[in-house]
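Residue-level structural notes
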Amino acid sequence: MSKKKFRLGDLQLRIMQVLWDAGPATVADVLERLGPQADLAYTTVATMLRKMEDRGLVAHESEGRKFIYRAAIAADDV
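The sections below set out a description of the structure shown in this document. (Residues numbered from 1 in each chain as written. Predicted model: local features only at pLDDT ≥ 70, side-chain atom pairs only at ≥ 80, totals over all residues. Heavy atoms only, no water.)

1. Let's talk about the pattern of salt bridges
Enumeration over the complete set of coordinates arrives at 1 salt bridge. D10 is paired through a salt bridge with R14; the nearest N and O atoms lie 3.5 Å apart. Here the residue D10 and the residue R14 both occupy positions in helix 1 (residues 10-22), the gap between them amounting to 4 residues, near one helical turn. Overall, the relative accessible area of 32% leaves R14 in the partly exposed class. (Salt bridge = Lys/Arg side-chain N within 4 Å of Asp/Glu carboxyl O. Helix = DSSP H or I, 4+ residues; strand = E, 2+ residues; numbered from the N terminus. Buried < 20%, exposed > 50% of the residue type's maximum accessible area, 1.4 Å probe, protein only.)

Below is the structure:
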C-alpha cells in the first residue's frame, strides 16, 4: 500500500521546514524563523497555516488565545 504524498508550494514547504526543524510554534514564531528576507505579513502566515490545516498538513492546539501549530505529516510524505 502506497503512502499519500503531498505537493507543496514554496511558502508551504518553508513553513513545514520551520515546524519540522523547530517543533511546535505559534504564527509569530514561524514568521520570525522565516526571517525578514521572507517579507511576509503576520496575516499571510496565519492564513497559510489555516489553509494547511484544512489540508491535513499541520494541526494546532490552543494555549490561551494562541494557536500552537505542529507538523501533521513527516518530511518523507512530501
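2. A word on helix 1
Between its first and last C-alpha, helix 1 extends 18 Å over 13 residues, near the 18 Å set by a 1.5 Å rise per residue. Among the structural elements, helix 2 (27-34), helix 3 (42-54), strand 1 (58-63) and strand 2 (66-71) are those in contact with the buried residues of helix 1. With its phi angle positive at about 85 degrees, G23 sits one or two positions after the end of helix 1. (Expected span 1.5 Å × (residues − 1). Contact = heavy atoms within 4.5 Å.)

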